[in-house]
Amino acid sequence: MSMCQSADCKLCEFLSTKEDVETSFNRVESQKSKCKFGKEGTCCKLCSNGPCKITPKSPRGVCGADADTIVSRNFLRAIAAGSACYLHVVETTARNLKSIGEGKGSVKIKSPETLDKLAKLFDIVEKDVNKKSIKVADAVLNDLYKPKFEKMELVKKLAYAPRYKKWENLEILPGGAKSEVFDAIVKTSTNLNSDPIDMLFNALSLGITTGIYGLVLTNLLNDVILGVPVIRQAKVGFRVIDEDYINIMITGHQHSDIAHLQDKLIAEDVKSKAIAVGAKGFKLVGCTCVGQDLQLRGEHYKEIFSGHAGNNYTSEAVLATGGIDLVVSEFNCTIPGLELVAEQFKVKTLCIDAVAKKRNADYINFDMANAEDISDKIITEAIESYTNRRGVIKIDIPKDHGHDDVVTGVSEGSLKEFLGGTWKPLVDLIVQGKIKGIAGVVGCSSLTGKGHDVFTVELTKELIKRDILVLSAGCSSGGLENVGLISPGAAELAGDSLKEVCKALGIPPVLNFGPCLAIGRLEMVATELAEYLGVDIPKLPLVLSAPQWLEEQALADAVFGLSLGLPVHVAISPFIDGSALVTKVLKEDLVYITGGKLIVEDDVVKAADELEKIIENRRTELNI
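Residues numbered from 1 in each chain as written. Predicted model: local features only at pLDDT ≥ 70, side-chain atom pairs only at ≥ 80, totals over all residues. Heavy atoms only, no water.

Participant: I'd like to hear about the pattern of salt bridges, residue by residue, with values.
Facilitator: Tallying each qualifying case throughout the model produces 49 salt bridges. Two residues, Lys-165 and Glu-168, come together in a salt bridge whose shortest N-O distance is 3.8 Å. Taken together, the residues span about one helical turn, with Lys-165 and Glu-168 both in helix 8 (residues 161-170) at a distance of three residues. On the basis of relative accessible area, Lys-165 is assigned to the partly exposed category, the value being 46%. Owing to a relative accessible area of 38%, Glu-168 belongs among the partly exposed residues under this scheme. Residue Asp-609 pairs with Arg-466 through a salt bridge whose shortest N-O separation is 2.7 Å. Taken together, the residues Asp-609 in helix 25 (residues 604-621) and Arg-466 in the loop between helix 19 (454-465) and strand 12 (468-473) connect sequence positions 143 residues apart. (Salt bridge = Lys/Arg side-chain N within 4 Å of Asp/Glu carboxyl O. Helix = DSSP H or I, 4+ residues; strand = E, 2+ residues; numbered from the N terminus. Buried < 20%, exposed > 50% of the residue type's maximum accessible area, 1.4 Å probe, protein only.)

Participant: Just give me the short version of the sheet that holds strand 15 (residues 567-570), but keep the residues and values in it.
Facilitator: Read from one edge to the other, the open sheet built from six strands follows the order 13-12-11-14-15-16, with strand pairing classed as parallel. In the strand order of this sheet, the two ends are held by strand 13 (510-512) and strand 16 (597-600), each with one partner. On average, adjacent strands in this sheet sit at an angle of 25° to one another, irrespective of strand direction. Here four bridges tie strand 11 (residues 437-442) to strand 14 (residues 542-545), and the two strands are oriented parallel to one another. (Pairing = 2+ DSSP bridges. Axes fitted to C-alpha atoms, helices over the stretch in contact; angles between N-to-C directions.)

Participant: How would you explain a nonpolar patch on the surface if you had to name every residue and give the values?
Facilitator: Where nonpolar side chains cluster on the molecular surface, the patch consists of Phe-182, Val-186 and Leu-192 and spans about 300 Å² of accessible area. Turning to its location among the elements, Val-186 is positioned in helix 9 (residues 177-187). Overall, the relative accessible area of 38% leaves Val-186 in the partly exposed class. (Patch = residues over 30% accessible without salt bridge, like charges linked within 9 Å, V, L, I, M, F, W, Y side chains within 5 Å. Areas by Shrake-Rupley, 256 points an atom, 1.4 Å probe, with all protein chains shown as cover.)

Participant: Explain the environment of Leu-118 to me, and be specific about the residues and the numbers.
Facilitator: Of note, Leu-118 is situated in helix 5 (residues 112-121). The sequence separation of Leu-118 and Asp-577 amounts to 459 residues, and the corresponding C-alpha distance is 42 Å. Once residues lying within four places of it in the same chain are set aside, the contact partners of Leu-118 are Val-136, Leu-217, Leu-220, Leu-221 and Val-224. (Contact = heavy atoms within 4.5 Å.)

Participant: Go over the pairing of strand 14, please, and point to the residues and values.
Facilitator: Of the two faces of strand 14, the one lined by Leu-542 and Leu-544 and the one lined by Val-543 and Ser-545 are each fully buried. Note that the unit made of strand 14, helix 23 (residues 552-563) and strand 15 has a crossover that is right-handed. (Right-handed = clockwise from strand over helix to strand, strands pointing away.)

Participant: Lay out the side chain of Asp-293 with the relevant residues and their values.
Facilitator: Here Asp-293 is to be found in helix 13 (residues 288-296). On the accessibility criterion, Asp-293 (0% relative accessible area) is buried. Not counting the four nearest positions on each side in its chain, Asp-293 is found in contact with Asn-222, His-253, His-255, Pro-515 and Leu-517.

Participant: So what's going on with the nonpolar core? Which residues, and what values?
Facilitator: Membership of the largest hydrophobic core comes to 173 residues, with the highest contact counts inside it found for Phe-122, Tyr-213, Ile-248, Phe-282 and Phe-513. The leading source of residues in this core is helix 10 (residues 196-226), at 16 residues. With residues near it in sequence (within four places) discarded, Tyr-213 still touches Leu-87, Val-90, Asp-143, Leu-144, Met-152, Glu-153, Leu-154, Val-155, Ile-208 and Thr-218. (Core = buried A, V, L, I, M, F, W, Y, C linked by side-chain atoms within 4.5 Å.)

Participant: Kindly report on the packing of aromatic side chains, identifying the contributing residues and their values.
Facilitator: Each aromatic ring pair is characterised by the separation of its centres together with the angle its planes make. The full count for this structure, using the stated rule, is two aromatic pairs. When the ring of Trp-549 is compared with that of Phe-575, the centres are 5.7 Å apart and the planes differ by 65°; the resulting orientation is edge-to-face. Of this pair, Trp-549 sits in the loop between strand 14 and helix 23 while Phe-575 sits in the loop between strand 15 and helix 24 (580-587); the two residues are 26 residues apart in sequence, bridging distant segments of the chain. Exposure remark for Trp-549: the relative accessible area of 7% places this residue in the buried category. (Phe/Tyr/Trp six-rings, centres within 6.5 Å; stacked < 30°, edge-to-face > 60°.)

Participant: Let's hear about the environment of Asn-482: which residues, and what values?
Facilitator: Here Asn-482 shows up in helix 20 (residues 475-482). In this structure Asn-482 comes out as buried when scored by relative accessible area, which is 5%. For the pair Asn-482 and Leu-15, spaced 467 residues apart in the sequence, the C-alpha separation amounts to 15 Å. Not counting chain neighbours up to four residues away, the residues in contact with Asn-482 comprise Asp-8, Val-236, Gly-237, Ala-309, Gly-310, His-401, Gly-402 and His-403. Among the polar contacts listed, one links the side chain of Asn-482 to the backbone nitrogen of Gly-237, at a separation of 3.4 Å. (Polar contact = N/O pair within 3.5 Å; in protein donor to acceptor, adjacent residues only side chain to side chain.)

Here's what the structure looks like:
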């Protein structure tokens, strides 16, 4: 079968030996022909007069909507959907924290320090840890559930003050987050809003709710429940799969949903059940963004977490090793193609959130109050699957795939602690020119943009070669770590100055902050650096790239970056090219509004050139 390329050569070698297994790598070849109108965002199918497409001869749809209206409407709808996904995650996490505070699920708070930090930010005075958990969770949930005409209260407490003032002046401070999503869907329905500028400003509001709630707060709430990240070295790739264990692969983004399961699997009575059927015990295998989250906090789960195997488009190959016995899906990045491979390799799939229900999977509604029963069900299914499939399915795990020494556990807190509790060492290195600037290479993995992770890896190499430190977050991290760029040895690929820094500190030139949710952690780093320097975020020698963005969530991430005033690069246009107005606003005019700027560039070197130029200009403006 024909197959698309991957930056991960060993992954391609493995898949080439599986001629009887069809994956996304094969199907992408049959989907190469793309609809011009879909790519440009000028297709509208909101009513039965359509679908309408905009052409020079037909510049308006039947209703009279032109390209500017149709493109901005489609763009806002995508941002609303992406924001909704993140809001679902933070809502679930807050509800789980509240349930834990109420004594449900027998899960213990693992970072009371983070809980104290949030309570202080939210002006909550409470000594009892359980009552404090409930009050912090309620503060988040109450904000999410406000009507649109009531501004969210926690934005001001969490946002950088100069940014908050900018958003206030632009009148893009969001009302209740879920109401904002609801109203965006209404606004973009048939024969309602036709003002592209209004819709683009609405997208910026949704970007703020996505970033402050879906990203920043989800990370902090997860830290409370699951423990703060600790910098350490870990294994990644197929080599993390140990066939002597019953292996449960987790897919999704909602780490708190498996908090109880993580603790339960190391109980002696549970391990004895695995031993009784011939296994040494249970292991959780990380995959997709929740795998990055597991890896991020792996210091707290050494006994049960085997490591991070790969990102969304590596997951099919992970199942094809035959070493996985059960898949637990709790959110997206669980691609539909996974179902076909799971069936072929007799792997049972369980879904614990209805939004992620897979066609051939059993569904268990997760509720922290029933966590004990749900964990027992998952364990029973894993044992049964292991018993039924082992000896029938051939195990083929390429142990030369991946690395043993990736640096993980990096967060806004652990990085600052590594630097001695202050950002001064990092700022000094930037001022001295040892580090020219910082680039966040974040977001998804896709099979376009030159192939699986190809653009992401090539751009990252180009940036570090220019002495630009890269911070990663998202499925892109899975690609970067599996090819060795997050191992200390990658320092050899960096420019002379950055190489010297990396070798002196024993770090790689790419620091992995974890899942796509950790884009919120990058925002926290940016905020603290800006505070340290006494400038607004757009003044920092900091750029963002989501080169191989995949889905609507990634677009919501990107708009958060634009609202922060950062340049955001993508290699694949976000379906806006059909509107000259929308393109101009996002690529040119926005820099005078929020300070942000969208850069669309599908050439690696040209993209690196532009990002480097922005960093150098900002260094000049800061007189460094």
